[in-house]
Amino acid sequence: MSRSAPVPPARFPPALGPQRTFALVAGVERYEISHRWNLRGPARDALRFARWLTGPGQVPPGNVRLLLSPLDDPDDLDWSDSPAMAALKAAHRPATEGNAKSALLDELPQCDGDLLWIFWAGHGYLGPRHELILPCADARPGQIRHLNLDSALRWWHTDMVKHRRFALQAALVDSCRVDAPRDTRWNFGTTDYGGGTSVPGRRQFRLYASRAGEAAQNDAERGTGRFTEALLGELGQSTVQEGVTGLAGAARSIHRTFQDLRERGEGWQLPQFIVDRDWEACSFLDFPDFSGFADFSGSSGLPGSSGLGETAGTAAPAVPAALRAPRLDQQAWDGLGELFEGRDLPRSAHDAYAWAFKAAGCAPPVPAGLPGEGLLEVVQDLDERQGGRTGMPLAVPFVRFLADRAGAGDPVWAARLREWVRATRERLALPALAPPPPPPRRSALHVRLEAPPDGGDGYLARMWLRGERTEHIWESEDAPVGLDAVREELVRLLALIGGARADGALADGPPGGGGEAVAPPGALDRIEFHVPYELLDADFDQWPVPRGPAGRRRALGVLYQVVVRCPQERTGIRAEWLAKWRWLYGRGGRHPDAVRVVEDTDVTDALGMDLGAGPAPACVLAHTAAAPDAGLLEAVLEGGVPVAVWRRGGGLPAPPLLDLLAPAGPDGRPDPGALDVLALPARVREVRRAAAGAAAGSPHAPQPGAGGDRLVLLWDDPDDMPGLRSLA
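As the structure is a prediction and not an experimental result, all values here were calculated from the model.

Chemist: Before we move on, could you go through helix H8 (residues 330-340) and cite the residues and values that matter?
Modeler: For H8, the set of buried residues is Ala332, Gly335, Leu336, Leu339 and Phe340. Down the axis, H8 shows its buried residues gathered within 120° of arc, on one side only. Within H8, the exposed residues directed more than 90 degrees away from the buried face are Gln330, Gln331 and Glu338. Next to the buried residues of H8 lie helix H10 (375-385), helix H11 (395-406) and helix H12 (411-428). Downstream of H8 by a residue or two, Gly342 has a phi angle that is positive, lying close to 75°.

Written out as structure tokens, the structure is:
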């Protein structure tokens, strides 16, 4: 390394050295599945890491299992002129699944060593349980052969490897960590290598090139990954002993390098340290100005614990007190126990969790989502992570955010939360805390339609504005009206609301509404239709609305986010419905399991029970030829699914809804795990606008494909259900 290498702590094996160091090194550039998967760089990166191991690291080549599947002839690679690399050139094997499993699970566990290195460069995906899947060279569409790295590391942590062997295991992976595609064209299957009983004292260090959901950047011209380039720069000419004991410091330096690239707009990936923990499971990212590493002989196992390692010949600098966020004291925990008792996670919990990291001056963890199902679990996670450079414990801004968002809805609880924040700050002498950002000021116009109790024609109708307060603006009283009359009143009210927004004053009262004024909303961007089951597929989004000069009319769904709801069908499944919505909010709207694509073959009598079996999925995308009322909508409502998108009247959407709504992953295919379900109302409006532009022949309009103007979005927010009382 460029700086003085740290002295190995006492708890490292005393005989740690190159002779007792073994490695699996793999670089995959060519894949059988498709030429589109091929990439240039991983084989060269693997060779460079092997060159460090057998050069400055002094590891015997016989201790290294080298797997290469390069784009070019292996003889054309840079093997360097050394006996060690010549031996590896003669012994290397293709990076197939069989060779990877044989090396990692059969050969290396039989070796007598202290340290195992795993270096892998190539493609990478996250499986359904967020395990890291590394496709091998013999991956095919029907069988994407791969190495499940997380399962392999669990296996290596057990007594399947003899107790006194391989106390230290380091996995360094230069690959993407995007969610694996989930459709019939890609078969990753499931892989679990099992294992035995965990061995106490066996420690693992994992450093990945990117965070969950991110692609790792590869420099094709230079034939190298940016992560590998930074890693080898840190390792430099260090010995293997210096390299392993200094990994925490090297990892933090790499992290800072990539953070600088992101801030300058020159890169997007950010290497992730699994649970940002070092060899002893202590956090080493909380103190940005500290370049040392934890002292494993005296560490308490908690971030900020006393006892620091030493650099060669000099004592390591102490962590500045101002950078060490304190842990919550017992009085703070007692107060939270009372405040959170019997409380479900509020819908603002995810936003509060994310803002806490920003307020404390440190990066949020990945993957996104809350770390628990209860408020105390979330605060425990924050307290263990402590805080960043500001010295503010993460739990304090989290509670402050909850207090601000509780506001008018629960003023007593909000006041108690604020008092806890005040008292905790004073008692722990914490720095000033900026207020959380205010929630966006937006309003929705709700239209409720209900069949009359006598079964006659027309509908009982009511409209209200929902913003900072709920304001009733029109009702048909006890006289059923037709949809045309509802549309006319809606258009009239939209004009009144627009006038109120334009001049900032209250408009005249709407007809039929008792003379009440229409207050100007912050930003009216959504219209929600609460309708009976038979109207779910109606064309509300196509209702014409006057717009601009010369009497031009635009479709309602082009101007506003138009969604439908079905409150009458939710009474018997409220628990499932609420659980799915809370689960979705707790993950920020994004999760690989949040979205389910349903095809015609899936629409059976059991579909509703299947959808309601757990908190996921929370969104259904219908890729069905049959009309949605032919069992699909019934199953969605029975399963408590709050969000669904389909093509009005049925018919296979072209392109499929997932392609239309979800962002593309690194392989160019739609990524369901990156689809923000909570942003679907805005996304569907974008698709409708694009379809309208294409229909009008605009040369600048994107081409969304047929049916983009026929999308229907079911959006049932159980926390926003005003006016449930029957209109009859």
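On we go.
Chemist: If you had to explain the sheet that holds strand E4 (residues 125-126) to someone new, which residues and values would you point to?
Modeler: The 4 strands lie next to each other as E6-E5-E4-E8, forming an open sheet whose pairing is mixed. Two strands bound the open sheet, and with one partner strand each, they are strand E6 (146-148) and strand E8 (178-179). For E4 and strand E5 (residues 132-135), the ladder comprises 2 bridges, and the chain directions are antiparallel. Within E5, the residue paired with Leu126 across the bridge is Leu132.

Chemist: An account of the nonpolar core is needed here, citing residue identities and associated values.
Modeler: Formed by 46 residues in total, the largest nonpolar core has its most connected members in Leu445, Phe529, Phe540 and Leu556. The residues touching Leu556, leaving out its near neighbours within four places in the chain, are Leu490, Leu494, Ile527, Phe529, Phe540, Asp541, Gln542, Trp543, Val545 and Val562. Counting residues in each nonpolar core, the second largest holds 44 residues, with Phe22, Leu24, Leu104 and Leu153 among its members.

Chemist: Break down the packing of aromatic side chains for me, with residues and values.
Modeler: A full pass over the atoms with the stated rule returns 17 aromatic pairs. Each ring, one from Trp355 and one from Phe401, has its centre 5.9 Å from the other, and the planes form 45°; the classification is tilted. Linking Trp355 in helix H9 (residues 349-360) with Phe401 in helix H11, this pair joins segments that are 46 residues apart in sequence. Given the relative accessible area of 11%, Trp355 is considered buried. By relative accessible area, which is 3% here, Phe401 ends up buried. Chaining the aromatic ring pairs together yields one cluster made of Phe22, Trp155, Trp156 and Phe166. When the ring centre of Trp413 is taken as origin, the NZ or CZ atom of Arg343, which lies over that ring, is 4.2 Å away. It is Arg487 that lies over the ring of Trp543; its NZ or CZ is 5.8 Å from the centre.

Definitions and cut-offs
- Residues numbered from 1 in each chain as written.
- Predicted model: local features only at pLDDT ≥ 70, side-chain atom pairs only at ≥ 80, totals over all residues.
- Heavy atoms only, no water.
- Buried < 20%, exposed > 50% of the residue type's maximum accessible area, 1.4 Å probe, protein only.
- Helix = DSSP H or I, 4+ residues; strand = E, 2+ residues; numbered from the N terminus.
- Arc of directions from axis to C-beta.
- Contact = heavy atoms within 4.5 Å.
- Pairing = 2+ DSSP bridges.
- Core = buried A, V, L, I, M, F, W, Y, C linked by side-chain atoms within 4.5 Å.
- Phe/Tyr/Trp six-rings, centres within 6.5 Å; stacked < 30°, edge-to-face > 60°.
- Lys NZ or Arg CZ within 6 Å of the ring centre and 35° of its normal.

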